[in-house]
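A structural walkthrough
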Amino acid sequence: MNQIHLKQEAVRCLLCENAPCTAACRRGDPARAVRAVHFDNDVLGARLFAACSEKDLEAAEKACIHYDRPVRLRDIAKALPKPAPETDRPSLEVDFCGLHCENPFFLASSAVCTNYEMVAAALEAGWAGVFYKTICLQDIDEVSPRFDALKRADGISAINTVKSVTMGADVDGRRIVSGYSGSAVKPIALRFIMEMAKNPIMPGLQLSGIGGVTTWKDALDFIRLGCRNVQVCTAVMQYGYRIVDDLIDGLQNYMASRGVSRVEDMVGEALSGFVRAADLDRTTVVYPVIDRNACIGCGRCYVSCRDGGHQAITFGDDRQPRIVGSKCVGCHLCHLVCPTGAIGLSKRVPKRK
Ligand SMILES: Cc1cc2nc3c(=O)[nH]c(=O)nc-3n(C[C@H](O)[C@H](O)[C@H](O)COP(=O)(O)O)c2cc1C
Ligand code: SF4
Ligand code: SF4
Ligand code: SF4
């Protein structure tokens, strides 16, 4: 099982409450282990799976209630890297606008923090706190006057939902413009954050990032672009407060692997990497490399490169895709569409003539 299959299989897990697979396992907690992998925390996943014997996992698979077929827990466990030894956990404490926060993970104002009981449960689960952006019933049409006050503001939360239209969602035929959120808005949010973090009219303004944060890797992207913390709504609506476990553990594992001891040290560290498109090096390319053993000859890479790329892949009756180096521009469309992960990437090398 390669990395792509590992993730796809982990994502098949239904993330059951009171999971039958774990009830069937004598020692470990396979449901928690597969949840860690689902949320990009392979380090913890490997540690947790190591507590389950082959027999335990066989029993867990038999007990799995997946509607299609049992999640392949044994294969996931085998595909994970050897569990890394436990190291000291770096603290995730961070200051935001004069407030000392236990970690950088907050709930975003919405349905996930509607009342006292919900907030209490979230704090109990490990969330550092809650942000309320708008708490009123009036329509908010125009926020630009608020920017006049920016020079006096200590911080900004961004983004909110992205205005959108969902056909098929109506009340007796009447529709409204509503808000789009979740993973799809993350790149939009990151662009706004990056531009605000670099904007010279807002020096010293502290940023709280929102938009599609689901895993610790998402949170890290916001932090590296200048946020001191992140807020989460949609992922909590989808998966529950429990996702904070892997946000915390995953970020700590990452910091430990890099030898970083404070969240503050990573805030904005990726900002200097942004240049104008014209300033990118056009003389070198990262070429795709096909792994013949993993290729099943489906031809998807050929179709995409032919119709959406640079006609740099040939595909004949032998069903073997071949890359024509002189035509390839290194766009990696083929790498993205390959369903088996058979297309890897070379090192950056001078462009072939
Ligand atoms: C169901 C729902 C209700 C929301 N209600 C509010 C709200 O009352 N006030 C507010 O400022 N933002 C509200 N938001 C926006 C969220 O706080 C957040 O900015 C947005 O959903 C993007 O984050 P996400 O991708 O983690 O969901 C709401 C979002 C959703 C999905
Ligand atoms: S029973 Fe199956 S689907 Fe449910 S948590 Fe366990 S592995 Fe996942
Ligand atoms: S990297 Fe782009 S141009 Fe090169 S073979 Fe793949 S799809 Fe074609
Ligand atoms: S998309 Fe992947 S599996 Fe399909 S032919 Fe291309 S390399 Fe092979």
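Residues numbered from 1 in each chain as written. Chains lettered and ligands numbered in written order. Predicted model: local features only at pLDDT ≥ 70, side-chain atom pairs only at ≥ 80, totals over all residues.

1. Here we look at the pairing of strand 9 (residues 227-232)
In plain terms, the rule: Using C-beta atoms placed from the backbone, we call a residue buried if 20 or more other C-beta atoms fall within 10 Å of its own, exposed if 12 or fewer do, and partly exposed for counts in between. Numbering goes from the N terminus for both helices and strands, where a helix is a DSSP run of H or I of at least four residues and a strand is a run of E of at least two. The rule for pairing is simple: two strands pair if DSSP sees at least two bridges between them. Seen with its strands pointing away from the viewer, a crossover is right-handed if its path from the first strand over the helix to the second goes clockwise.
Along strand 9, six of the six residues are buried, which leaves the element largely enclosed by surrounding structure. Relative to strand 9, strand 3 (residues 105-107) runs parallel, the two being bridged by three bridges. Within strand 9, the position partnered with L107 by the bridge is V232. Note: strand 8 (residues 206-210) against strand 9, four bridges, orientation parallel. The residue of strand 9 that forms the bridge with I210 is Q231. Handedness of the β-α-β unit built from strand 8, helix 9 (residues 216-224) and strand 9 comes out right-handed.

2. Considerations on the site of ligand 2
Keep this limit in mind: Using a C-beta atom placed from the backbone, a residue is described as near a molecule or strand when that atom lies within 6 Å of it.
Around ligand 2 lies a shell of 13 residues, among which C13, L14, C16, C21 and C64 are the nearest. Counting residues per element, the ones that place at least two in the shell around ligand 2 are helix 2 (20-24) and helix 3 (30-38).

3. A word on the domain arrangement of the protein chain
Where we set the bar: An automatic or database domain assignment is the source of the domain bounds shown. What counts as a contact is two residues whose backbone-derived C-beta atoms lie within 7 Å of each other. The residue classification treats Ala, Val, Leu, Ile, Met, Phe, Trp, Tyr, Cys and Pro as nonpolar and Asp, Glu, Lys and Arg as charged. All others, Gly included, are polar.
Per the domain assignment, the segments of the protein chain are domain 1 (3-79), domain 2 (94-273) and domain 3 (280-350). Relative placement of domain 1 and domain 2: their C-alpha centres are 30 Å apart. Each side of the interface is counted separately: domain 1 has seven residues, and domain 2 has nine residues. Residue composition of the side of domain 1 that touches domain 2, by class: five nonpolar, one polar and one charged.

4. Some words on the packing of helix 9 against helix 11 (residues 244-258)
A pair of packed helices is characterised by two quantities: the angle between their axes and the separation of those axes. Test applied: The axes are straight lines fitted to the C-alpha atoms, using for helices just the contacting stretch, and the angles between their N-to-C directions are given from 0 to 180°. Handedness of each helix crossing follows the sense of rotation of the near helix against the far helix: counterclockwise by less than a right angle gives left-handed, clockwise gives right-handed.
Between helix 9 and helix 11, the shortest axis-to-axis distance is 8 Å and the interhelical angle comes to 65 degrees. Here helix 9 runs over helix 11; the crossing is right-handed. Contacts between helix 9 and helix 11 involve W216, A219 and L220 from the former and D246, L247, G250, L251 and Y254 from the latter. Grouping the amino acids of the contact of helix 9 with helix 11 by side-chain chemistry returns six nonpolar, one polar and one charged.

5. Considerations on the environment of I188
Looking at the secondary structure, you find I188 in helix 8 (residues 186-198). Separated by 12 residues in sequence, I188 and P200 have C-alpha atoms that sit 21 Å apart. Apart from residues no more than four positions distant in its own chain, I188 is found in contact with I159, V162 and G211.

6. A closer look at helix 4 (residues 42-50)
Most of helix 4 sits out of view: eight of its nine residues are buried. What helix 4 keeps buried is the set D42, V43, L44, G45, A46, R47, L48 and F49. On its buried face, helix 4 is in contact with helix 3, helix 6 (73-79) and helix 11.

7. Considerations on the site of ligand 1
Among the 20 residues in the neighbourhood of ligand 1, the closest are listed as A108, S110, K133, C233 and T234. Class assignment for the residues of the shell around ligand 1 results in eight nonpolar, 11 polar and one charged.

8. Quick notes on the sheet that holds strand 9
Across the sheet, five strands lie side by side as 4-3-9-8-5; this open sheet has parallel pairing. At either margin of the open sheet sits one strand with a lone partner, and together these are strand 4 (129-130) and strand 5 (155-158).

9. Quick look at unusual backbone geometry
Following A158, the chain continues to I159 via a peptide bond in cis, the omega torsion being 5 degrees. Mapped onto the elements, I159 comes out in the loop between strand 5 and strand 6 (162-164). With phi around 55 degrees, L15 is a residue other than glycine that occupies positive phi space. Inspection of the secondary structure assignment puts L15 in the loop between helix 1 (3-12) and helix 2. Judged by the 16 C-beta atoms lying within 10 Å of it, L15 is partly exposed. Look at D172: it is not a glycine, yet its phi comes out positive at around 50 degrees. Here D172 is to be found in the loop between strand 6 and strand 7 (178-180).

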